[in-house]
Amino acid sequence: MGELKVGDVVGRKSYGLDIYFKIMDIVEDNDKKMARLNGLDMRLCATAPIEDLEKIESAKVADYWRMAMVKNHEAMRRVFMRRKQERERQLMRSVEAHKSPVEVESFDIPGRVLHVDGDGEYLDLCMTTYRQLSIPADGYKISEREQAEKIFDLLQEHRPDLLVLTGHDGFKKGTKDFSDINNYYNSLNFVNAVKAARRYEKSRDDLVIFAGACQSHYEAILEAGANFASSPQRVLIHAFDPVFVVEKVAYTSIYDPIPLKDVITGTITGFEGIGGMETRGKHRLGVPRSPY
């Protein structure tokens, strides 16, 4: 199929082509060609020798993306069902007892998101999903190593309710100590970015933070000040998982703490890939809606 090049979609033969990657760079390492890889729909970075890679046909790539979109749409379907139930409950709480909630038109003020992503293609996908979910969001493509340096100014500019710090990560091949943050590609960068964000706002209630990517050092990211992080079991997480975490916070009433089970089961990956701590919602319901 010809010589592999940057931008090609490939699978690793040694892993049975289980995950599709895009080649981000090809370098010489001790006279051996190595490729730097980013997951196509998983927030995973890896390196592999060129001879271990096989180019994936475009038709198979299209099928792979279709399956990823099916998972995304199913998660969105669950979101809209949940919102309908929660809206009815909030209306009951917001209007007078003698007036039926169905007679009152309401409006939503969800939490606002600042999403900083090391992957521009993933950022575009997430921003589209925010729009589909009616979540106000600002997005920036910033490499993982630069996020700590730039996040304070962005927070001052946008003053969000929720912050996402993500991109790609992974446990370095050949290392064995999962507790050593130096054995991860970008976990230390996420930790530093969370710490920088907490210098702007230390309260976990006033600024809700999700941080991490595939196989990230979950404990260190939470300790740095995140409300939610990946990855408790050092597994892969889906490109859209950060969106579904913050969606639940953005659309849960300010009156309500969010059951952790509800946040995590709303993601594509689930408990192995996403975890966190008790957090209050950021949604405000307004009544009545003005006819003007």
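Described in the following lines is the structure provided in the data block. It should be emphasised that the depicted structure is a prediction, and the values quoted were computed from it without experimental measurement.

### Quick word on the sheet that holds strand β13 (residues 275-276)
Reasoning step 1: Taken in spatial order, the 6 strands of this open sheet run β8-β7-β9-β10-β11-β13, and their pairing is mixed. Of all strands in the sheet, those bounded by a partner on one side alone are β8 (137-141) and β13.
Reasoning step 2: Bridging between strand β7 (residues 113-117) and β8 involves 5 bridges; their strand directions are parallel. Bridge pairing in β8 links V113 to A137.
Reasoning step 3: Packed onto the sheet, helix α4 (residues 187-200) meets β9 (162-166) and β10 (208-211) and runs at close to 160° relative to β9.
Reasoning step 4: With respect to the sheet, helix α6 (residues 241-250) is in contact with β7, β9, β10 and β11 (228-229), its orientation differing from that of β9 by roughly 170°.

### A short note on α4
Reasoning step 1: For α4, with 14 residues, the first-to-last C-alpha span of 20 Å sits near the 20 Å given by 1.5 Å per residue.
Reasoning step 2: Of the residues making up α4, those classed as buried are S187, N189, F190, V191, A193, V194, A196, A197 and R198.
Reasoning step 3: In the core, the buried residues of α4 are packed alongside α3 (147-158), β9, β10 and α5 (218-224).

### Looking at the nonpolar core
Where a protein is soluble and globular, its nonpolar side chains tend to be buried together.
Reasoning step 1: By size, the foremost hydrophobic cluster in this structure holds 49 residues, and its most contacted members are L37, L53, V113, Y130 and F210.
Reasoning step 2: Among the elements that make up this core, the one with the highest residue count is α6 (6 residues).
Reasoning step 3: Residues within four places of L53 in sequence aside, it is in contact with L4, V10, G11, R12, K13, I23, A35, L37 and A48.
Reasoning step 4: Among the nonpolar cores identified, the runner-up in size contains 26 residues, and L154, I181, V194 and A224 belong to it.

### Brief notes about the sheet that holds strand β1 (residues 9-12)
Pairing between the strands of a sheet is mediated by backbone hydrogen bonds and can be parallel or antiparallel.
Reasoning step 1: What the 5 strands build is an open sheet, ordered β4-β3-β2-β1-β5; its pairing is antiparallel. Each of the sheet's edge strands pairs with one partner strand only, and the pair in question is β4 (45-49) and β5 (53-55). Each strand axis lies, on average, 40° off the axis of its neighbour in the sheet, ignoring direction.
Reasoning step 2: As paired elements, β1 and β5 share 3 bridges and run antiparallel to each other. Its bridge partner lying in β5, R12 is registered against L53.

Procedures and definitions
Residues numbered from 1 in each chain as written. Predicted model: local features only at pLDDT ≥ 70, side-chain atom pairs only at ≥ 80, totals over all residues. Heavy atoms only, no water. Pairing = 2+ DSSP bridges. Helix = DSSP H or I, 4+ residues; strand = E, 2+ residues; numbered from the N terminus. Contact = heavy atoms within 4.5 Å. Axes fitted to C-alpha atoms, helices over the stretch in contact; angles between N-to-C directions. Expected span 1.5 Å × (residues − 1). Buried < 20%, exposed > 50% of the residue type's maximum accessible area, 1.4 Å probe, protein only. Core = buried A, V, L, I, M, F, W, Y, C linked by side-chain atoms within 4.5 Å.

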